[in-house]
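# Structure at a glance
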Amino acid sequence: MFATYLIGLREGLEATLVVSILVAFLVKSQRRDRLPQVWAGVGLAVALSVLFGWLIEYTSTSLLSRSEDRELFEAITSVAAVVFVTWMIFWMRRAARSIAGDLRGKLTEALAVGSLAVAGMAFLAVVREGLETALIFYSAAQGAAGDSGPLIALIGGIVTAVVLGALLYASALRINLSKFFTWTGALLILVAAGILKYGVHDFQEAGVLPGLNNLAFDITGALDPTTWYAALLAGMFNVTPAPTVLETIAWVAYAVPVLLLFLRPARRKPAPAPESTATTTVIERGADTGTEAEAEAASTPQRA
């Protein structure tokens, strides 16, 4: 359940930060009359994400009658979820520094167009996170059929993210979001490796890949699947005591290089010339993902 909680927390906080930036910009620009359009766009994005999650589950449980078809569908969604997780982690690392400015610029353009454009802007900013969450949650919770625990954990992660976002917006809480996204990103890479391993197993059960009975090792005697810690490892990272050779190769081939690429220090760029005046909000400072960005923000003069 921790894996699904982490998914809800990470994706939820990204969406919450986006909404906070939009709301803060409208409030500071004396355009509170556009707030209902923002919330309408957010609500529509949430509704579409829930519908997408239900559609995936309905397709798997009701539209696909053969077990081989269900296994193949689950394998494909697992691979798609890994692609989305990987793209999201590296995109956030690269774009977080400029996301506030980009959102403000797009919202300024939307304000000039009209109410529907504002609602559409908020919708597009949130719906990506929602669709990713639905797909990743389905893939991560495949092994917990009939168990409501993963869903509760996901909702708990989203609620935690909303509370953190509200506190950040109110400046009542200051957390190092750079470290937060680094640690959660590293954990999500391990979760994604487990999802990929699960997908390979589904491909093998569907007959697409060979080697279903060709085990890489069997440590069932040392890692009893009935114990709580074995269940925890299986639930978080899909670490099982008797994986196949292809599952093990897939897990290692994904987790090791992606972790190394993600955790390597960012290249330093020449610092821009300091401006005479600048403002740096709590959200903008927290969204910086590199030590260079934090140092730049710390050295930027603050307006009284």
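Since the model is a prediction, treat every value here as computed from it, not as a measurement.

How each quantity is defined
- Residues numbered from 1 in each chain as written.
- Predicted model: local features only at pLDDT ≥ 70, side-chain atom pairs only at ≥ 80, totals over all residues.
- Heavy atoms only, no water.
- Helix = DSSP H or I, 4+ residues; strand = E, 2+ residues; numbered from the N terminus.
- Buried < 20%, exposed > 50% of the residue type's maximum accessible area, 1.4 Å probe, protein only.
- Contact = heavy atoms within 4.5 Å.
- pLDDT = per-residue confidence, 0-100.
- Salt bridge = Lys/Arg side-chain N within 4 Å of Asp/Glu carboxyl O.
- Lys, Arg positive; Asp, Glu negative; His and termini not counted.
- Core = buried A, V, L, I, M, F, W, Y, C linked by side-chain atoms within 4.5 Å.

### Comments concerning the overall build of the protein
Counting secondary structure elements, the protein contains 11 helices and zero strands. The order of helices and strands in the protein, counted from the N terminus, is α-α-α-α-α-α-α-α-α-α-α. Looking at the protein as a whole, 44% of its 304 residues qualify as buried. Contacts in the protein between residues at least 24 apart in sequence constitute 81% of all its contacts with a sequence separation of at least 6.

### Describing the confidence of the model for the protein
Looking at the protein, the pLDDT average stands at 78 and 80% of residues meet or exceed 70. Across the protein, the secondary-structure element scoring lowest on mean pLDDT is helix α11 (residues 291–299), at 39, and the one scoring highest is helix α9 (residues 245–263), at 94.

### Observations concerning the environment of Glu129
Mapped onto the elements, Glu129 comes out in helix α5 (residues 115–140). Residues Glu129 and Met88, 41 residues apart in the sequence, show an inter-C-alpha distance of 9.0 Å. Sequence-distant contacts of Glu129, defined by excluding residues within four places in its chain, comprise Glu11, Glu14 and Ala15.

### A look at the pattern of salt bridges
One pass over the full model with this rule turns up four salt bridges. Between Lys197 and Glu247 there is a salt bridge whose closest N-O contact spans 3.1 Å. In this pair, Lys197 is assigned in helix α7 (residues 177–205) and Glu247 in helix α9, connecting sequence segments 50 residues apart. Residue classification places Lys197 among the buried positions, given a relative accessible area of 4%.

### Considerations on the side chain of Glu71
Looking at the secondary structure, you find Glu71 in helix α3 (residues 67–95). The charged side chain of Glu71 is buried without a salt bridge, its nearest counter-charge being Arg70 at 6.6 Å. Once residues lying within four places of it in the same chain are set aside, the contact partners of Glu71 are Asp202, Glu205 and Ala206.

### Details of the nonpolar core
Core analysis: the largest hydrophobic core is formed by 29 residues, its most contacted members being Ile89, Leu188 and Tyr254. Secondary-structure elements contributing two or more residues to this core are α1 (2–28), α3, α5, α7, α8 (228–237) and α9. Considering every element that reaches this core, the biggest residue donor is α7, with eight residues. Setting aside residues up to four positions removed in sequence, Ile89 forms contacts with Arg10, Gly185, Leu188, Ile189 and Phe262. Of all hydrophobic cores here, the second largest spans 24 residues; its members include Val19, Val27, Leu103 and Val118.

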